[in-house]
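# Descriptive analysis of the structure
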Amino acid sequence: MSEVPLLTVADFEAAAPRFASHRAIEFLNGGAGEGVTLRDNIRAFEQIRLWPRVLRDVSRIDLSIELFGRKLNSPILLAPTGYHKLFHPEGELAVVRAANEAGSLLVAATFATTSIEDMARASSRPLWFQLYIQPDRASTARVIRAAVDSGCEAIVVTVDIPVNGPRDRELRAGFKLPEGVIRENLRHMGVDLAGAPHRPVATEVYNFIRAADATWDDIERLRASVKVPVLLKGILHADDASEAVRRGIDGIVVSNHGGRSLDSAPATMDVLPLIVAAVGGRIPVLIDGGVRRGIDVVKALCLGATAVMVGRPYCWGLCVGGEQGVARVLQILDVETRMAMGLTGASHLGGLGEQLLYNS
Ligand SMILES: Cc1cc2nc3c(=O)[nH]c(=O)nc-3n(C[C@H](O)[C@H](O)[C@H](O)COP(=O)(O)O)c2cc1C
């Protein structure tokens, strides 16, 4: 992979530009606008202090969790990220294999460059599917059907990007999909559209493959139309979390799209307690944005998150070493989480809570 030791997620971040194109790295690392939210996600984790307890038996540390009846080895999930073939020629299949190896769960993206059918065939473990509601609801229904028929065990509807955010870095880098790399789940739209520039051609505000007119009624219809759990990704407000529960949604992902959507939206860790309080344990609350270390995983779980997701970290792994790189990043996070648990005095995830936070 690299002659320099890759000990941390930050080492992978630093190494990634040597292995992927400038355009791909700008797309991957960039946030919206000035990057205020992107930085704030990290700052919010850094501000929290863990308050360790001693002389508790931590000779066996168990990171396993159960989500919607499935046992997972780890509370660290792989967030949906588009266009993996920009980062490594094996693209999504390398990520599927690494997630399998880790016993973790991958949320496959609508904007994957490998079809959900091919990803599911390559996976020995269940996948979840991330959905963008498209302007054409018939096309949306077709994508959902493909995901469910492929065996995806949950649909994660991303709701935080109804219009484009100003992605200055990727625009400056002239980001576009290389020849032959297309959004395979949208192939039915025709190769020209499925492989069209990331930026819409018609207007700069709207995106021709993400609906700007979606409302709670779409969500309720979607909830009623599938048998698998439906989660909403991109919830930042307690009232939206309550509404989601009221509409029968099965889980929430507290997310600001990794700082890629509305710049100056709050850091996810800052709003997590409000959302956990609003949900009151009725459905799982996941969180993403800025998780870079095992201590971050422990902090999020102490604040009431059921699990965390990482986006950029495993993409950096993919750039650096394909399947092996993703596997190593997941392993680093797993080992660091075990260390953080043991040093905090917790042997299982149920032992994490606000009592282990110093400034709560
Ligand atoms: C390169 C890249 C592509 C992404 N693509 C999608 C996507 O297609 N759908 C989606 O819901 N979120 C997408 N996201 C957001 C991630 O799911 C996740 O919310 C974010 O990466 C978490 O922040 P982190 O990168 O700091 O871990 C993307 C993020 C990145 C970095």
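Residues numbered from 1 in each chain as written. Predicted model: local features only at pLDDT ≥ 70, side-chain atom pairs only at ≥ 80, totals over all residues. Heavy atoms only, no water.

## Brief notes about the site of the ligand
- Around the ligand, the surrounding shell holds 22 residues, and the nearest of these are P80, T158, D288, R292 and G311.
- Here a nitrogen atom of the ligand sits 3.5 Å away from a polar atom, N or O, in the side chain of Q130.
- Between the ligand and the protein, one listed contact pairs an oxygen atom with a side-chain N or O atom of T158 at 2.7 Å.
- Compared with its free state, where it exposes 600 Å², the ligand has 98% of that area covered by protein.
- Elements represented by at least two residues in the shell around the ligand include exactly α2 (22-29) and α13 (312-344).
- For the shell around the ligand, a count of residues per class yields 7 nonpolar, 10 polar and 5 charged. (Near = heavy atom within 4 Å. Polar contact = N/O pair within 3.5 Å; in protein donor to acceptor, adjacent residues only side chain to side chain. Areas by Shrake-Rupley, 256 points an atom, 1.4 Å probe, with all protein chains shown as cover. Helix = DSSP H or I, 4+ residues; strand = E, 2+ residues; numbered from the N terminus. Nonpolar A, V, L, I, M, F, W, Y, C, P; charged D, E, K, R; others polar.)

## Points about the pairing of strand β7 (residues 230-235)
- Counting buried positions along β7 yields 6 of 6 residues, so the element is predominantly enclosed.
- Pairing between β7 and strand β8 (residues 251-254): 4 bridges, direction parallel. For L231, the partnering residue across the bridge sits in β8 and is G251.
- In this region the chain leaves β7, passes through helix α10 (residues 238-246) and returns to the parallel neighbour β8; the handedness of that crossover is right-handed. (Buried < 20%, exposed > 50% of the residue type's maximum accessible area, 1.4 Å probe, protein only. Pairing = 2+ DSSP bridges. Right-handed = clockwise from strand over helix to strand, strands pointing away.)

## As for the confidence of the model for the chain
- Across the chain, pLDDT averages 95, with 98% of residues at or above 70.
- Mean pLDDT per element in the chain: helix α8 (residues 191-194) is the minimum at 82, and strand β9 (residues 285-288) is the maximum at 99. (pLDDT = per-residue confidence, 0-100.)

## A closer look at the sheet that holds β8
- One open sheet accounts for 8 strands, arranged β3-β10-β9-β8-β7-β6-β5-β4; its pairing is parallel. In this open sheet, the two edge strands, each paired with only one partner strand, are β3 (76-78) and β4 (107-108).
- Pairing of β9 with strand β10 (residues 307-310), which is carried by 3 bridges, proceeds in the parallel orientation. When the bridges of β10 are listed, L286 appears paired with A307.

## A closer look at the packing of α2 against α13
- Direction vectors running N to C along α2 and α13 enclose 165 degrees, while the axes themselves pass 10 Å from each other. By the angle class used here, α2 and α13 are roughly antiparallel. Two packed elements cross with a definite hand, and for α2 against α13 that hand is left-handed. Between α2, through I25, L28 and N29, and α13, the contact on the second element is made entirely by R312, C315, W316 and C319.
- Of the residues assigned to the contact of α2 with α13, the class counts are 5 nonpolar, 1 polar and 1 charged. (Axes fitted to C-alpha atoms, helices over the stretch in contact; angles between N-to-C directions. Parallel < 35°, antiparallel > 145°, perpendicular 65-115°, else oblique. Left-handed = near helix turned anticlockwise from the far one by under 90°. Contact = heavy atoms within 4.5 Å.)

## So, the packing of aromatic side chains
- Per the stated rule, a full pass over the model turns up 8 aromatic pairs.
- Pairing W51 with Y358 gives two aromatic rings, centres 5.2 Å apart and planes at 85 degrees, and the pair type is edge-to-face. With W51 in the loop between α3 (36-47) and β1 (65-67) and Y358 in the segment after α13, the pair connects residues that are 307 residues apart, well separated along the chain.
- For W51, a relative accessible area of 46% corresponds to the partly exposed category.
- Taking relative accessible area as the criterion, Y358 reaches 53% and is therefore assigned exposed.
- Between the aromatic rings of Y83 and F175, the centroid separation amounts to 6.2 Å while the plane-to-plane angle is 40 degrees, which identifies the pairing as tilted. Note that Y83 is positioned in the loop between β3 and α4 (91-102) and F175 in the loop between α7 (168-172) and α8, a separation of 92 residues in sequence.
- Overall, the relative accessible area of 1% leaves Y83 in the buried class.
- Of the aromatic side chains, those joined through ring pairs into one cluster are F27, Y83, F87, F111, Y132 and F175.
- Here the basic side chain of R260 rests over the ring of F27, its NZ or CZ set 4.9 Å away from the ring centre. (Phe/Tyr/Trp six-rings, centres within 6.5 Å; stacked < 30°, edge-to-face > 60°. Lys NZ or Arg CZ within 6 Å of the ring centre and 35° of its normal.)

## A word on the environment of A211
- Along the chain, the position of A211 falls in the loop between α8 and α9 (216-225).
- Remark: the alpha-carbon pair of A211 and P135, spanning 76 residues in sequence, is separated by 4.3 Å.
- Excluding residues that lie within four positions of it along the chain, A211 makes contacts with I133, Q134, P135, R137 and P162.

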